[in-house]
Amino acid sequence: TAINSQENNNNNIIETPIVIIGGGPTGLFLSSLLSQHSIPSTLLESKPYHKAFQHPQAHYINLRSMELLRHYLPTHVYQDEILKSMPDVEEWKRFTIGRSILGQFDNVGVVEHPIYQPRLVVCEEENGKDGLQIGQDGNGILLPYHDHDRDNSSNDKKRNNPKREKGRCSICHPGHLAQNKFASILYNHASSLSQTIPDANIHFDTTVTSITQNDDTSSSSSSSHITVQTNKHISYKAKYVIGADGSSSFTRQSCSIPFIGKERIQSLMNVHFQASSELSELLCSKAHRDKVGMLHFVYNEDMVGVFVCHDVQNGEWVCQIPFFTPYQTMEDDFREDLVLNMIWSGLGLKEYGNDAWMSQTTKNGNSTNARKERKDHIQIRSIQPWNMSSVVAKSYIGGISKDSGVGKNDDDDGGSKNEKQIILAGDAAHAFPPAGGFGMNTGLQDAHNLFWRLHYILTNEDDHSSFKNRKNNNNNNNSSSTACNNRILEKYQTERKPIAIQNAALSVRNYNRTLSLAKNFHLNAQHPAYLLQLLSSAPVSVILPFSVRKDSLRAALKTALMPLKRVGMQGDWYGETIRKNARDLLRKGGGLPLVFPRYELGFGYVVRGGVGKMMVQGKEDEDDTSGYIPEIEVGYRMPHVVVEVVSPLQCKMANEKPNHGYESKEDREYVLKETFPNVRVLNQRQEQGEEKQQKILITLTDISAQIRRTLNGSPCFTVLVMGPLFSSCSSSLDKNENNTNGVKHNIEVVMNVTQEMNERLGIVMEVVEVLEKGDYHQFFLNRYHSPTAHSPDTEEYKQDRLILLDERGTLSSLLRKRKIPTALDEHNVMMMIRPDGHIANVTHVETPGHNSKNTKEEVEVFSSSPPSVLSDQIKENILNGLEESFGAQFTI
């Protein structure tokens, strides 16, 4: 599909700011984010459209990724397409372990994870009990053994902290959606956006054949550009190229950037199959409903593998089976008929074939008709080998040498002189074992971290005055611009690469959890590894022919699996021993969890000495599944804090309906979205007998994404102020003899500074005031609703900045937990939040004469000094926040 392309017919070159190579979730999400912020890009995907979205691949969308989708995609895409496309949570909140899925006595354990209904969100309130709670760990519950309930002790409670704080840790729930369906939704959204953005394009069935970096001598700035050539005999001339083209990335290889880590942990055969409607109905029946989940770990005499149920209602499954190359081959060991037998056995239909279901569907019991019956109920769509790896690219940014055509990366000399214009994201930058589901999620979060940096660079490209204001001694504007652009992109690398290393290590630990579980079935992954090493080394490899060694491996694998038949035999001591040992491990939390709260929500961007650190909130020695405890710290995500919207609602309502306000919540939401069209209002539970007028509540998570003033506006920073010093309730500056600028409140000083930043640096900032419940809040309400209040024609009524109420005191409580010097004021706080929702700066404003009581008189003493005193403090803090965010220094 080619949309809005502008082609130069003379030389078949199309100019575009950004080329994105790869049309998977990472590339499509990045394309959407850029288009939503009015930056055109050209996306190139080698697969044709009809083949690009066939295989389900990844499927778990973790908490942070769900938050990004909620806050950055339009509501109709998030709710009506993504959420409604997900299977019912009852179909995927469990993992099962056993000899088969449906076998009557084959079940060993069922673990139910702390997952709640994400489809049609009924309630998003902070204290709703239908979400993962603060401090709640990710361990599931081992359900009782259903066979006569012989193992009553297995109904253990979750190993959660009993003293955990009340409230949800996220406004969202995790999601389960096959990647092909998810990517198709992203594609439709990205395509729709590209039709509204000039020069934005999406091309499938287009293969990149070469990437070169050139000097643009025709440009007055003499800046470098990248030329991307394709098999369509069209070239693209771009400022930046984003490689999101998977683990075999052509982009990464063009830059000669190697992967660091273990590239082959395990070889697997990936089998994608479709279950018939009759089989799906059987799996969904009341008798088997508790046996179906997201993952099924199967160990029997015919096969060992993991079944991934992407959508049980529609019959979409994947099975991953260990594959031992070179002694096992597709032709001899994984022919379709052999794989069909494995799937049939793993589903539990081998023994189930004598039951009523097969009796009704199979009238002739001979083997030929039995095989035909299996093909009728299981359609093998693809059988593909793949290697599980744990690798991270040595560098996330690089370029192509202009002299030799050889790639250069971050370790090359002259990094500040030569512009680095090729950037890696998603699987092109990292590849993990699938255990834990961090691969696709890390890629989505790469795109989220990158888009606003690219937006700033490109929107300020023609205005070098902002670059000149950066602290750089080089007098050449172009060199200064190049160096600063490099630093901004290097910040992407220093923040995201440690997260990838951290997630890679966690994924390997998760994979090892599955190996520990297999040991309880007397299967040790090291044994076939030792055998492979023996068969491939002298003298065995010299003495024995290859065919003999191949038969030896097959015989050894068959012998190791034979005893597993006894797992399904009632009363068999061997099978009961396996069952007991496996359940003991699961009861202790030794299985594979689904949710990792600290890693999904608590990862932070902490850079020390120019080097990114692997950081998650909490203690370093905590378990991987430990619960998430929110904190207000620089580099980390702004926690989920529910606040009530006070203004612009109250201002406009007082002006239009001063005595009554708006009649319904829908009317008030409409007023809010007139000013902030991207805001996401929480869905609240409507209790019986509750008043019709409900509060307008939002979350502070991703507040910067929510308060952009236009649907296609620039990414913005949020300057969030709180405390009596900044409160618009106070009018102490009215008496200020030094005030010659007509400033009435300190909040106006903050707004004047941010406006100056916007004009001089090209950085959009929005000021948000948070009020605490109490006298100041009451005074504010009286100011706008009292009959003696100021006239509706005054500036207070016309002010449309966002004013929020922390009625529950959640934000105040989080701020009080911070360890700050006693000389600083814990009450008067200014926070700067980046466009990606992470905290750039937290400042406890120092007030002269401050003491622990922080009286109103002391605030007024400080407020009576010239506004420039506060203005200078605010400027310094904002510049520090910008340096923390961009990695480049600014001055005005």
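Residues numbered from 1 in each chain as written. Predicted model: local features only at pLDDT ≥ 70, side-chain atom pairs only at ≥ 80, totals over all residues. Heavy atoms only, no water.

### Regarding the overall build of the protein
1) Next: The helix and strand tally for the protein stands at 29 helices and 29 strands.
2) Next: Of all 892 residues assigned to the protein, the portion counted as buried reaches 58%.
3) Next: Pairs at least 24 residues apart make up 76% of the contacts formed inside the protein by residues separated by at least 6 positions.
4) Next: Roughly 36,400 Å² of accessible area belongs to the protein as shown, and the carbon and sulfur atoms make up 47% of that amount. (Helix = DSSP H or I, 4+ residues; strand = E, 2+ residues; numbered from the N terminus. Buried < 20%, exposed > 50% of the residue type's maximum accessible area, 1.4 Å probe, protein only. Contact = heavy atoms within 4.5 Å. Areas by Shrake-Rupley, 256 points an atom, 1.4 Å probe, with all protein chains shown as cover.)

### Some words on the sheet that holds strand 13 (residues 295-299)
1) Next: Here we have nine strands laid out as an open sheet, ordered 6-5-4-13-14-15-12-16-20, and mixed in their pairing. Taken across any chain shown, the strands that pair with only one partner, and hence form the sheet edges, are strand 6 (141-142) and strand 20 (430-431).
2) Next: Strand direction decides the pairing type here: strand 4 (residues 94-98) and strand 13, joined by four bridges, are parallel. Across the sheet, the residue bridging to G98 is V298, located in strand 13.
3) Next: Against the sheet, helix 19 (residues 573-587) contacts strand 4, strand 5 (107-112) and strand 6, and its axis sits at roughly 10° relative to strand 5. (Pairing = 2+ DSSP bridges. Axes fitted to C-alpha atoms, helices over the stretch in contact; angles between N-to-C directions.)

### Notes on the packing of helix 1 (residues 25-36) against helix 5 (residues 179-194)
1) Next: Where helix 1 meets helix 5, the closest approach of the two axes is 9 Å, and the angle between their N-to-C directions is 25°. Looking at the two axes, helix 1 sits roughly parallel to helix 5. For the element pair helix 1 and helix 5, the recorded crossing hand is left-handed. Along its contact with helix 1, which presents P25, L28, F29, S31, S32, S35 and Q36, the element helix 5 presents Q179, F182, A183, L186, Y187, H189, A190 and L193.
2) Next: Counted by class, the contact of helix 1 with helix 5 contains nine nonpolar, six polar and no charged residues. (Parallel < 35°, antiparallel > 145°, perpendicular 65-115°, else oblique. Left-handed = near helix turned anticlockwise from the far one by under 90°. Nonpolar A, V, L, I, M, F, W, Y, C, P; charged D, E, K, R; others polar.)

### Here we look at the sheet that holds strand 27 (residues 802-806)
1) Next: Taken in spatial order, the seven strands line up as 24-23-27-26-25-28-29 in an open sheet, and their pairing is mixed. Each having just a single partner strand, strand 24 (697-699) and strand 29 (839-844) make up the two edges of the open sheet. Between one strand axis and the next, the sheet turns through 30° on average, direction left out of account.
2) Next: As defined by bridge partners, strand 23 (residues 642-647) adjoins strand 24 across three bridges and the pair is classed as antiparallel. Across the sheet, the residue bridging to V642 is T699, located in strand 24.

### A word on unusual backbone geometry
1) Next: In this structure, P326 follows T325 across a cis peptide bond, with omega equal to 5°.
2) Next: Within the secondary structure layout, P326 lies in the loop between strand 15 (316-322) and helix 8 (330-333).
3) Next: With an omega of 5°, the peptide bond between A538 and P539 qualifies as cis.
4) Next: Within the element layout of this structure, P539 appears in the loop between helix 16 (526-535) and helix 17 (540-543).
5) Next: Phi angles above zero are rare outside glycine, and H233 is one such case at about 60°.
6) Next: Mapping H233 onto the fold places it in the loop between strand 10 (224-230) and strand 11 (235-243).
7) Next: Using a relative accessible area of 67% as the deciding quantity, one classes H233 as exposed.
8) Next: You will see that H522, though not glycine, has its phi angle at about 60°, which is positive.
9) Next: Considering the arrangement of structural elements, one finds H522 in the loop between helix 15 (477-519) and helix 16.

### Considering the environment of S537
1) Next: With respect to the secondary-structure elements, S537 resides in the loop between helix 16 and helix 17.
2) Next: Within the structure, the side chain of S537 is placed 2.6 Å from the backbone oxygen of Q533, a separation counted as a polar contact. (Polar contact = N/O pair within 3.5 Å; in protein donor to acceptor, adjacent residues only side chain to side chain.)

### Some remarks on the pattern of salt bridges
1) Next: Going through the model one piece at a time under the given rule, you end up with 35 salt bridges.
2) Next: For E15, the salt bridge goes to K237, with nearest N and O atoms at 3.8 Å. Remark: K237 occurs in strand 11 and E15 occurs in strand 1 (residues 13-21); sequence separation between them is 222 residues.
3) Next: E495 is paired through a salt bridge with R453; the nearest N and O atoms lie 2.7 Å apart. One end of the pair, E495, is in helix 15; the other, R453, is in helix 13 (residues 438-459), and 42 residues separate them in sequence.
4) Next: Shared partners join several salt bridges into a network, and the residues in it are D332, D333, K550, D551 and R554. (Salt bridge = Lys/Arg side-chain N within 4 Å of Asp/Glu carboxyl O.)

### A few points about the packing of aromatic side chains
1) Next: Throughout the structure, instances matching the rule amount to 24 aromatic pairs.
2) Next: Where Y72 meets F451, the ring centres are 6.1 Å apart and the plane angle is 80°; that geometry is what we call edge-to-face. Highlighted residues: Y72 in helix 3 (residues 63-72) and F451 in helix 13, separated in sequence by 379 residues. The pair Y72 / F451 is uniform in exposure class, with both members buried.
3) Next: Plain terms: the ring middles of Y187 and F204 are 5.0 Å apart, the flat faces sit at 75° to each other, and that makes the pair edge-to-face. Of this pair, Y187 sits in helix 5 while F204 is found in the loop between strand 8 (201-203) and strand 9 (208-215), placing the two residues 17 residues apart along the sequence. In terms of burial, Y187 and F204 fall into one category: buried.
4) Next: These aromatic residues form a ring-pair network of at least three members: W452, Y456, F717, F886 and F890. (Phe/Tyr/Trp six-rings, centres within 6.5 Å; stacked < 30°, edge-to-face > 60°.)

### A word on a nonpolar patch on the surface
1) Next: A contiguous nonpolar surface patch, about 360 Å² in accessible area, is contributed by V542, I543, L544 and V548.
2) Next: In this structure, L544 sits in the loop between helix 17 and helix 18 (546-561). (Patch = residues over 30% accessible without salt bridge, like charges linked within 9 Å, V, L, I, M, F, W, Y side chains within 5 Å.)

### Some thoughts on the side chain of Q266
1) Next: Mapped onto the fold, Q266 is located in strand 12 (residues 259-275).
2) Next: Take Q266: its relative accessible area is 14%, and that puts it in the buried class.

### Some details on the nonpolar core
A general trend in soluble globular proteins is that nonpolar side chains are found buried together.
1) Next: Among the nonpolar cores identified, the biggest contains 117 residues, and I878 and L882 are the most heavily contacted of them.
2) Next: A total of 11 residues in this core trace back to one element, the largest contributor, which is helix 13.
3) Next: Ignoring anything within four residues of it in the chain, the contact list for L882 reads F717, L761, I763, M765, M832, G887, A888 and F890. (Core = buried A, V, L, I, M, F, W, Y, C linked by side-chain atoms within 4.5 Å.)

### So, the pairing of strand 13
Two faces make up the sheet, and in a regular strand the side chains alternate between them.
1) Next: Counting buried residues along strand 13, five of its five residues qualify, which places the element largely inside the surrounding structure.
2) Next: A two-sided burial pattern is seen for strand 13, the buried positions comprising L295, F297 and Y299 on one face and H296 and V298 on the other.
3) Next: Pairing of strand 13 with strand 14 (residues 304-311) involves five bridges; the strand directions are antiparallel. Each residue of the ladder has a partner; that of H296, found in strand 14, is F307.
4) Next: The turn linking strand 13 back onto strand 14 is made up of four residues.

### Focus on the confidence of the model for the protein
1) Next: Looking at the protein as a whole, its pLDDT mean stands at 82, while 75% of the residues score no less than 70.
2) Next: Below pLDDT 50 for its whole length, residues 1-10 participates in 29 contacts with residues either more than four positions away or in separate chains.
3) Next: Within the model, the stretch residues 147-160 combines pLDDT values under 50 with 34 contacts to residues more than four positions away or in other chains. (pLDDT = per-residue confidence, 0-100.)

### Considering helix 7 (residues 277-284)
1) Next: Within the span of helix 7, buried status applies to L279, S280, L282 and L283. Buried positions in helix 7, seen along its axis, are confined to an arc of 155° and lie on one side of it. Residues of helix 7 that are exposed and angled more than 90 degrees away from the buried face: S277 and E281. (Arc of directions from axis to C-beta.)

### Remarks on helix 19
1) Next: Counted at 1.5 Å a residue, the expected span for helix 19 with its 15 residues is 21 Å, and the 21 Å between its end C-alpha atoms agrees.
2) Next: Buried within helix 19 are the following residues: Y574, G575, I578, R579, A582, R583 and L586. All buried residues of helix 19 fall inside an arc of 160° around its axis, so they share one side. Turned more than 90 degrees off the buried face of helix 19, the exposed positions are W573 and K580.
3) Next: Between a side-chain oxygen at the N-terminus of helix 19 and the backbone nitrogen of Y574 the separation is 3.1 Å; the capping residue is D572. (Expected span 1.5 Å × (residues − 1).)

### Observations regarding the pairing of strand 12
1) Next: Note: strand 12 against strand 16 (residues 378-393), 14 bridges, orientation antiparallel. Of the residues in strand 16, the one forming a bridge with G261 is V391.

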